[in-house]
Structures are given as C-alpha cells and as structure tokens.
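Analysis of the macromolecular model
Spelled out, the chains give:
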Amino acid sequence: MTQKWWQDAVVYQVYPKSFQDSNGDGIGDLQGVIQKLDYLQDLGIRIIWLSPVYASPMDDNGYDISDYRAIAAEFGTMADMEELLTEAKMRGMEILMDLVINHSSDEHAWFQESRQNRTNSKHDWYIWCDPREDGTEPNNLRSIFGGSCWEFDEARGQYYFHSFSKKQPDLNWENPEVRKALYDMINWWLEKGIAGFRVDAITFIKKNDHYADVVPDAPDGTAVVKPNNPGIGEFLMELKQETFDRYDALTVAEAPGVPLEQMPEFVGEEGYFSMLIEFDHVDLDIDESGRWYRLQDWNLLDFKRAIAGSQEMINRIGWSALYLENHDQPRSLNKFIPEADHGVRTAKLLAVTYFLLRGTPFIYQGQELGMTNVSYTSIEDYNDLSTIDQYQAAVREGIAEEEAFALVARRSRDNSRTPMQWSEEQHGGFSSGHPWLAANPNYAIINAEQAVSDEASIFHFYKQLTALRRASPYKEILVHGTFEHVNEHHPYVFSYKRILRGKVVMVICSFSAKSEKLKLPHNPVVRIIGNDEKTEAEGRKITLKPYEAVVFECE
Ligand code: GLC
Ligand code: CA
C-alpha cells in the first residue's frame, strides 16, 4: 500500500474525564491534557486520540453529544481546544477527535425539534415509528446498554430508536439532510487542523429490518441490535468522499460486525477508512449477545487465531489498529494474565505481543504504567451506565447478587476509567478535589512519577518499543514488513515473524508460568529487545523463562 505518515506513529488514547484535572473540580479537562503533553512527547507519541470532548449531558461520558461545535463546559472551552491543538503541534503531535455520528444526545437541538410533532422540519432526522396495535414497542430489539431499542415519546405518540442508551437517539442516515449536516460539521473540524477521527460505532448507521421482530437471544424474548447491515457501504463511501478524502484525514473506525472477508472493502486501498478497531481478540471472553456475565472459556490458541486471521488479511490489503485496551475494555493484565502474575514483566510481555504486529499501535492511558482493574465493593461505586445495566440484567436472569457483581466487575468499563495515576499523592495526583470516580488505591505503587524515574519500568519499555518503530535500524521491517505466524499450534507461546525483502525479525512471547523450550525456524543473530536480562539460546533452540518476551533479528 502507499506509505502514509501515520504508519510508523504510535497513538495514545486520552479519556479526558479521567486524565488530569487542572482546576480541582474532580473532572479531567483539556488544560489537564495540555499539562501532560510533555509526558506524551517523552513517551514518543505522535497522535493523541481524544475521547469525546463535545458539549454533552454526559449520560455516556460524552458519547452523547448535544452540540458538535462546542466543547463540554467541564472540559473547557473552544479556546482550550485550539490551544491544545497548537501545543500538540509544537511538540510534533497531532490530534484525533472522536466522531460520534450514529447518534446524538436527546438534548441536541435537532432531537429537541424532531420530537415536537410529526411535521417539523427535522421530523425525520431520527428514527420514529408508530407503536404496535397494543401500544407496545415496534419490535423486540434490545439496545447495547439494555432495555428495548425503542423509547416512547408522548408528544409524537411514537417510539424513537436508540442502539445505545435512550439518551442516545440514532440519527436517520437515510435522510440526505442529516448526512449533509454531519458532513459540514466534520469538515468544520478538519478545517481547524485536526488530523482525523476515531469514528464511533460507525457500523450501526444502517438500519435494516429494524421494524420487524427478530429471533431472540435472551430469555426475555429480546435480541440485541446488530451492526453492519447490507447497504451500509453507500453511506460510508459518501462519508469518505464528502469529508475525509478532502483533507487526507486519518480515520480509525470502530467497526463491530465486520467479518474478515469484508476488510478489503473497509480498509483496503480504496476502503472507507484508514484502519479498523477490531473486537475478536479482546472479546474472546464474552458471547455474541454481549452479556458480560455469560463468561466464555478461551485460551491462548483462540487469541492467536484471532490475531493471525486479521494480520494475514492485513498483509494483503492494508492497515490495522493494534490495541489491547481502551475505555470500553477492562485492563489487559487482568484479561490476559492470571492475577498472581501481574507485574512489570507480564505488562512488558503484553506490550511486545501486540506492538510489533503489522499496523499502528494504540496505547490507552495508564496501560504504559501497568494500571490494573479496580476492586470496588458495591455496585453503587460504579458510574458506567452499561455496568449498571449488565448487573441488573444478570440479577434478572436469576444470578445471585454477589455472583452477578463479581462477574460484571470483571468486565466493567470503569476498570479502565479510573483516574490516571500520576504520582503517589492523594487520588494519584489526578485531582486536588474529589474525583468523579474513585482512584485505584494501587496508585501508591503504580504511578507515572515512579515509572518515569525507573529505567526498568513498563513506561520505559513502551518508549523503547516506540523508538524501535520510529527510528531504528529495524524501523522499515517493523512498520512495513509482512506478518507470518510461527508455531501456530503451540498452546502457550505466541510467536510471529515480520519479513521484508528477505530480512526476518522474530517476535516470541511466552504466556506460560513455566519455562518453555522452542525450536525456531531461523538462527537468531541479534537480540533486539526483551523483558528479561538475557535469553537462553543455542543455535535455533531457545528456552524461554516464565512470561518471557524476546525479539530477534534472524538469518
Ligand atoms: C462506542 C464507544 C463507547 C460508547 C458507544 C456509544 O462503542 O467506544 O464508549 O458507549 O460507542 O457511543
Ligand atoms: Ca477539571
């Protein structure tokens, strides 16, 4: 594929509400992000993805936008946003905004008008439907955050459709006026000099069969709403042509429901987006219905298969967004490593595992410190609306309260939304006030101040990995090389090659708590990086220590 400026970049995701509070109100803000730009620059970050900072009633922490052209008061002002853009650019960094256009907030002026009556000028800007004869919802679709996808509105005497919460009504993409208004807004932001967008829940924009009952996936007779319906391509192509293409914008699509075969259409040379956020490798522990309390068994072979499947496709067609964590996922140490083995070594293992794949690596705030899930003791301690819904649904399905709590706590989105741990000071140095969500008490040990001062820290390891991809003799191969899975049937070791013009780099990651012997397909010649002092190797035979990760140049 043609080379792009963002291919050797590393993206850092900031969840503004939890990153840094500059004025003591307990809520992170844009000035807080500005204060930490030097930290991000030091880490080697080239692109900052900001989760939504637009005006919002914050039902879903900003993923419910009430004004696309204004900044949420608790986060700052448009002047702060412009200052952030300038300050970032001065440090060689670009800003990626979050683009939430499947839905708006119910408090957006468009929806306020749309709900008035059936004749106003925005009457079909959202998806309205008459009740069934008995007055109930048009069908049995369940929203991602629980309950029906349909909410009754008194004034219109109709139901409106929402894929997520009832405060996130879905926009009607079939209406050309809606699309035009969104494109204008997108171009307005691109004019301001942002590099592009992470495009939220974009595969939900096309609704098909949204008015008929579907086969239930839950005891209550409901079925969760499904993304990526036929016909979506027309909208996505138009979106790209009317906006992103004109600015050569970087676009990272959150695209659940896109099968491997369809990846060329989404991210191939002429695809709709620059890269995709995939789900298979992070959602191995939950089933299709998206219920967190129905935990699924999985093992490393499943993880390897998910990654390799996507990488083999990416080899041929384009580019991938590489990640283990984000604001919707629990912390990666908790997901991938048994608790007794959490630590610097295993966090570095996870870093190597995904950072040297083919694509652009994303680091979620705090991942570079090895932040872990939080152990709250009561459901009241949680803020995330989805966590509360999942808990209630589990109890409704007959799971005992204590067990429901434990199951849901494992998966809660608040695990990754606790305040960023900057120092050992109160609330981890996040805020001088009372944080909106309680900090993880392990900030006493796990914090940025400690990590930056310790050369052997996870932070410095990420910094080295970033440097390897940005400026090192291995840069070309690590960025542009193809992926080849090695030892694909090994149950405890994930290993792969990167190959470019006859050169080979081998990445070897052991997820075993014991030592593992392995035979390599090539002779290792130079040890590039690893999470152990030294790797035991003899010719092609190596003995990996527990949780060892090592990268070799081979011949
Ligand atoms: C995406 C976001 C998530 C949000 C949802 C609805 O999945 O990542 O945080 O709740 O879309 O906008
Ligand atoms: Ca604040």
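Computed from a prediction, not measured in an experiment: that's the story for all the values here. Sequence order as written defines residue numbering, which begins from 1 separately in each chain. Each chain gets a letter, beginning with A, and each ligand a number, beginning with 1, in the order they are written. Note on the predicted model: pLDDT of at least 70 is required for a residue's local features to be given, and 80 or more for side-chain atom pairs to be given and counted; whole-chain, interface and lining totals, by contrast, use all residues. Where side-chain values are given, they derive from all heavy atoms of the structure, hydrogens and water being excluded.

Side note on the packing of helix H5 (residues 176–191) against helix H6 (residues 232–247)
H6 packs onto H5 with a crossing angle of 25 degrees between their chain directions and a minimal axis gap of 9 Å. As far as their axial angle goes, H6 and H5 are roughly parallel. In the packing of H5 onto H6, the handedness of the crossing is right-handed. Residues Arg-179, Tyr-183, Ile-186, Asn-187, Leu-190 and Glu-191 of H5 form the contact with H6, whose own contacting residues are Phe-235, Glu-238, Leu-239, Glu-242, Thr-243, Phe-244, Arg-246 and Tyr-247. Here the contact of H5 with H6 is composed, by residue class, of 7 nonpolar, 2 polar and 5 charged. Axis lines are fitted to C-alpha atoms, over the contacting stretch for helices. Their N-to-C directions set the angle, which ranges from 0 to 180 degrees. Only DSSP runs of H or I covering at least 4 residues are called helices, and only runs of E covering at least 2 are called strands; the numbering of each starts at the N terminus. Roughly parallel covers angles under 35 degrees, roughly antiparallel covers those over 145, roughly perpendicular covers 65 to 115, and oblique covers all other angles. Crossings are classed by handedness, with left-handed meaning an anticlockwise turn of the near helix from the far one by less than a right angle and right-handed meaning a clockwise turn. Here a residue-residue contact requires only that any non-hydrogen atoms of the pair lie within 4.5 Å. Polar here means any residue other than Ala, Val, Leu, Ile, Met, Phe, Trp, Tyr, Cys and Pro, which are nonpolar, and Asp, Glu, Lys and Arg, which are charged; Gly is therefore polar.

Quick look at the sheet that holds strand E6 (residues 128–129)
Taken in spatial order, the 3 strands make up an open sheet running E6-E9-E8, and their pairing is antiparallel. Sheet topology places E6 and strand E8 (150–153) at the edges, where each strand pairs with a single neighbour. Pairing between two strands is assigned when DSSP locates at least 2 bridges connecting them. As paired elements, E6 and strand E9 (residues 158–161) share 2 bridges and run antiparallel to each other. Each residue of the ladder has a partner; that of Cys-129, found in E9, is Tyr-159.

Brief notes about the coordination of the calcium ion (ligand 2)
Perfect tetrahedral coordination of a metal by four donors corresponds to 109.5 degrees between them, and perfect octahedral coordination by six donors corresponds to 90 or 180 degrees. Any N, O or S atom lying within 2.8 Å of the metal counts as a donor, and for Na, K and Ca the limit rises to 3.2 Å; water is left out, so some sites can look incomplete. Of the protein atoms, only Asp-21 (OD), Asn-23 (OD1), Asp-25 (OD), Ile-27 (O) and Asp-29 (OD) coordinate the calcium ion (ligand 2), at distances of 2.2 to 2.4 Å. Within one chain, the residues serving as donors to the calcium ion (ligand 2) are arranged as D-x1-N-x1-D-x1-I-x1-D. Across the pair, Asp-29 and Ile-27 agree in class, each one buried. The cut-offs for exposure are 20% and 50% of the maximum accessible area for each residue type, with area from a 1.4 Å probe on protein chains only; residues under the lower value are buried, those over the upper are exposed, and the others partly exposed.

Digging into the packing of aromatic side chains
Aromatic rings from Phe, Tyr and Trp, taking only the six-membered ring of Trp, are treated as a pair when their centres fall within 6.5 Å; an angle between ring planes under 30 degrees marks them as stacked, one over 60 as edge-to-face, and anything in between as tilted. Enumeration over the complete set of coordinates arrives at 34 aromatic pairs. Arranged with centres 6.3 Å apart and planes meeting at 70 degrees, the rings of Tyr-54 and Tyr-68 form a pair that is edge-to-face. Here Tyr-54, found in strand E3 (residues 54–55), pairs with Tyr-68, found in strand E4 (residues 67–71); they are 14 residues apart in sequence, far enough to count as distant. Tyr-68 shares its class with Tyr-54; the two are buried. A network of ring pairs unites the aromatic residues Tyr-54, Tyr-68, Trp-110, Trp-125, Trp-188 and Trp-189 as a single cluster. A cation over an aromatic ring shows up here: Lys-17 above the ring of Trp-436, its NZ or CZ 4.1 Å from the ring centre. Seen from the ring of Trp-188, Lys-192 lies directly overhead, with NZ or CZ sitting 4.8 Å from the centre. We call a charge positioned above a ring when the Lys NZ or Arg CZ atom is no farther than 6 Å from the ring centre and deviates by at most 35 degrees from the ring normal.

A word on the sheet that holds strand E2 (residues 47–50)
Strand pairing in a sheet is mediated by backbone hydrogen bonds. Such pairs are either parallel or antiparallel. Strand order in this open sheet of 8 strands is E13-E12-E10-E5-E2-E1-E15-E14, and the pairing throughout is parallel. Whereas interior strands pair on both sides, the edge strands pair on one side only; in this sheet they are strand E13 (275–277) and strand E14 (321–322). Direction of pairing for E2 relative to strand E5 (residues 94–99): parallel, over a ladder of 4 bridges. In the strand pairing of E5, Trp-49 is matched with Leu-96.

Quick word on the domain arrangement of the protein
By domain assignment, the protein separates into domain 1 (11–103 + 176–374 + 455–464), domain 2 (375–409) and domain 3 (479–554). Domain 1 and domain 2 are separated by 25 Å when their C-alpha centres are compared. The partner domain 2 presents 16 residues to the 12 residues of domain 1 that form the contact. What gets called buried area is simply the loss in accessible area from a 1.4 Å probe that two parts show on being joined, summed for both. Summed over both partners, the interface of domain 1 with domain 2 buries about 1200 Å², with 53% contributed by carbon and sulfur atoms. On the domain 1 side of the interface with domain 2, the three residues burying the most area are Trp-292, Tyr-293 and Val-374, jointly 61% of the side's total. Linking Arg-294 and Glu-397 is a salt bridge whose minimum nitrogen-to-oxygen distance equals 3.0 Å. Of the residues in the side of domain 1 that touches domain 2, the class split is 5 nonpolar, 3 polar and 4 charged. Residue ranges for the domains originate in an automatic or database domain assignment. Criterion for a salt bridge: a side-chain nitrogen of Lys or Arg within 4 Å of a carboxyl oxygen of Asp or Glu.

Points about the layout of surface pockets
Sizing a probe to match a water molecule and rolling it over the atoms shows the empty space that remains. A cavity here means a set of points on a 1 Å grid, drawn over the protein atoms and nothing else, where a 1.4 Å probe fits but cannot get out; a pocket is an open set with protein on both sides within 12 Å along at least five of seven lines, and a residue lines either one if it has an atom within 4 Å of a point. Grid points are joined across faces, edges and corners, and a volume is the space filled by probe spheres set on the points. By volume, the second largest pocket is sized at about 790 Å³. Along the walls of the second largest pocket sit 41 residues, with Leu-333, Asn-334, His-342, Thr-372 and Asn-373 positioned nearest its centre. Counting only elements with at least two residues in the lining of the second largest pocket, the list comes to helix H9 (332–336), helix H10 (344–355), helix H12 (401–411), helix H13 (448–453) and helix H14 (458–470). Partitioning the lining of the second largest pocket into residue classes produces 20 nonpolar, 14 polar and 7 charged.

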